[in-house]
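Geometric and topological summary
Residues per chain are reported as follows:
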Amino acid sequence: MSLPPPTASAKLSAPIDLPLVRRRFGQPQRVAESDFLRREVSARMQERLALVKIEPREVLDAGCGEGADLPVLQKRYPEASVIGLDGAYGMLARAAEHQRGAQTAMNRLFGSINKWLGAGPGAGANGPQLACADFAQLPLAANALDLVWSNLALHWHPQPDRVFAEWRRVLRVEGLLMFSCFGPDTLREVRSAFESIDLAPHTLPFVDMHDFGDMLVNAGFSTPVMDMETITVTYETPQRLLEDVRAWGGNPLESRRRSMMSRHQYQRLLAAFDAMRKPDGKIPLTFEIVYGHAFRPVPKTTAAGESIIRFERPPR
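Before going into details, it helps to say that this report is about the structure given with it. (Residues numbered from 1 in each chain as written. Predicted model: local features only at pLDDT ≥ 70, side-chain atom pairs only at ≥ 80, totals over all residues. Heavy atoms only, no water.)

1. Regarding the pairing of strand β1 (residues 58-62)
The buried count for β1 comes to four of five residues, which makes it a mostly enclosed element. Inspection of the sheet shows β1 paired to strand β2 (residues 81-86) by five bridges, in the parallel sense. In the sheet register, Leu 60 faces β2, and the bridge partner there is Ile 83. For the handedness criterion, the β-α-β arrangement of β1, helix α4 (residues 70-76) and β2 is classed as right-handed. With three bridges joining them, β1 and strand β4 (residues 145-151) adopt parallel strand pairing. Note that in β4 the partner of Asp 61 across the bridge is Trp 149. (Buried < 20%, exposed > 50% of the residue type's maximum accessible area, 1.4 Å probe, protein only. Helix = DSSP H or I, 4+ residues; strand = E, 2+ residues; numbered from the N terminus. Pairing = 2+ DSSP bridges. Right-handed = clockwise from strand over helix to strand, strands pointing away.)

2. Section: helix α6 (residues 160-170)
What α6 keeps buried is the set Pro 160, Val 163, Phe 164, Glu 166, Trp 167 and Val 170. Across the axial projection of α6, the buried residues extend over an arc of 165 degrees, all falling on one side. Those residues of α6 hidden inside the fold are in contact with β1, β4, β5 (171-182) and α8 (209-219). (Arc of directions from axis to C-beta. Contact = heavy atoms within 4.5 Å.)

3. Topic: the pattern of salt bridges
The full count for this structure, using the stated rule, is 22 salt bridges. Ionic pairing is found between Asp 17 and Arg 256, a salt bridge with its closest N-O pair at 3.7 Å. With Asp 17 in the segment before α1 (18-25) and Arg 256 in the loop between α9 (238-247) and α10 (263-274), this residue pair connects regions lying 239 residues apart in the sequence. Among the ionic pairs, Arg 39 bridges to Asp 69, the shortest N-O distance being 2.8 Å. Placement of Arg 39 in helix α3 (residues 35-49) and of Asp 69 in the loop between β1 and α4 is noted, with a sequence separation of 30 residues between them. Relative accessible area serves as the criterion here: at 3%, Asp 69 is assigned to the buried category. A single salt-bridge network, built from bridges that share partners, covers Glu 33, Arg 240, Glu 243 and Asp 244. (Salt bridge = Lys/Arg side-chain N within 4 Å of Asp/Glu carboxyl O.)

4. A short note on the nonpolar core
Judged by nonpolar contacts, the single largest core of 54 residues is most densely connected at Leu 241, Phe 273, Leu 285 and Phe 287. No other element matches the five residues that strand β7 (residues 283-295) contributes to this core. Core analysis: the next-biggest nonpolar cluster, separate from the first, contains 33 residues, Leu 138, Ala 153, Val 170 and Met 226 among them. (Core = buried A, V, L, I, M, F, W, Y, C linked by side-chain atoms within 4.5 Å.)

5. Points about the side chain of His 155
Looking at the secondary structure, you find His 155 in the loop between β4 and α6. Only 3.1 Å separates the side chain of His 155 from the side chain of Trp 156, close enough to count as a polar contact. A polar side-chain atom of His 155 sits 3.0 Å from the main-chain amide nitrogen of Phe 182. With residues up to four places along the chain from it excluded, the contact list for His 155 reads Ile 16, Cys 181, Phe 182, Leu 204 and Phe 206. (Polar contact = N/O pair within 3.5 Å; in protein donor to acceptor, adjacent residues only side chain to side chain.)

6. Some words on the packing of aromatic side chains
A full pass over the atoms with the stated rule returns 10 aromatic pairs. For the pair Phe 164 and Trp 167, a centre-to-centre distance of 6.1 Å together with 70 degrees between the ring planes defines the contact as edge-to-face. Taken as a pair, Phe 164 and Trp 167 lie in helix α6 at a separation of three residues, close to a single helical turn. Judged by relative accessible area, which is 0%, Phe 164 ranks as buried. Take Trp 167: its relative accessible area is 0%, and that puts it in the buried class. Summarising the aromatic geometry, the rings of Phe 182 and Phe 287 are spaced 5.5 Å apart at their centres and angled 45 degrees between planes, so their arrangement reads as tilted. Of the two residues, Phe 182 sits in strand β5 while Phe 287 sits in strand β7, which places them 105 residues apart along the sequence. Assigned by exposure class, Phe 182 and Phe 287 land together as buried. Put simply, the rings of Phe 36, Phe 182, Phe 206, Trp 248 and Phe 287 touch in pairs and so form one group of aromatic residues. (Phe/Tyr/Trp six-rings, centres within 6.5 Å; stacked < 30°, edge-to-face > 60°.)

7. Here's the deal with the sheet that holds β7
Pairing is mixed across the open sheet formed by seven strands, whose spatial order is β3-β2-β1-β4-β5-β7-β6. A single partner strand is all that each edge strand has here, and the edge strands are β3 (129-132) and β6 (222-235). Taken pair by pair, the neighbouring strands of this sheet meet at an average axis angle of 15 degrees, ignoring direction. Against the sheet, α6 touches β1, β4 and β5, its axis set at about 145 degrees to β5. Relative to β6, α8 is tilted by about 150 degrees, and along the sheet it contacts β5, β6 and β7. (Axes fitted to C-alpha atoms, helices over the stretch in contact; angles between N-to-C directions.)

Written out as structure tokens, the structure reads:
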């Protein structure tokens with residue numbers, strides 16, 4: 001699928017080099033070291049999802065990566081059709097490999113039972129569908145989904161307001177959006193350390209959760225619920241910390257510094273990180289995790305702008 005070129009004209013959007021994001025996340029081995037945080041945040045999102053009583057027929061995992069959340073969502077909603085979508089083809093290829101491996105294992109385990117039932121090997125185990133597309137231009141019809149799930153992916157898109165509008169378009173009335181992403185305090189130690197070298201931006205200017213809440217309302221979602229928490233990861237060395245920062249996607253800003261650091265600048269950078277060590281000798285790295293969920297409301301007007309008035313039948 002041909003993906004549209006990114007633009008960064010929307011309010012509160014960072015000038016993110018979206019093709020660069022896709023190339024970096026298109027190399028699964030490059031980002032594998034950072035997956036522990038995605039798994040932790042996914043588990044916390046699942047706890048929140050368990051509190052919402054829905055029975056979706058169609059589910060989308062937007063930013064599915066290697067597909068780790070797909071079997072979790074399928075297990076939670078066994079009757080639902082699940083779609084995994086990502087902008088990085090390399091990630092989807094890895095998700096397909098995992099899916100084929102899981103199907104092969106299931107076929108070996110239940111092959112004799114399927115044969116006895118006359119279902120044939122692999123019947124009923126096709127697994128989630130996979131698609132490569134931009135979050136703001138989904139290859140889905142309007143009103144096609146009951147749940148959009150997105151774990152630590154939204155902050156990589158330059159126009160989150162357009163993404164919310166698109167997610168609303170594909171959700172059915174009373175459909176649920178649940179997402180997580182990085183907030184403004186994320187990687188604050190990295191920003192501070194690089195200030196000892198230059199004034200160029202070295203991390204994304206992550207969006208505040210209140211601004212996300214406003215975007216959701218403007219996109220047509222009802223009663224968005226936003227909250228946040230801080231997760232701190234600690235490191236023995238600055239070099240290991242920087243390796244993980246690169247594994248999380250690094251700095252994909254169009255305005256990023258393009259020249260290499262000198263040896264002297266690099267030593268100053270390492271010294272800035274060493275100065276942040278806590279009493280236990282570890283260097284902290286902060287992640288502000290923003291969680292949000294909202295529903296697509298029942299419409300109040302028709303497509304022609306006429307008001308819709310609903311009459312409740314009085315109880316007998």
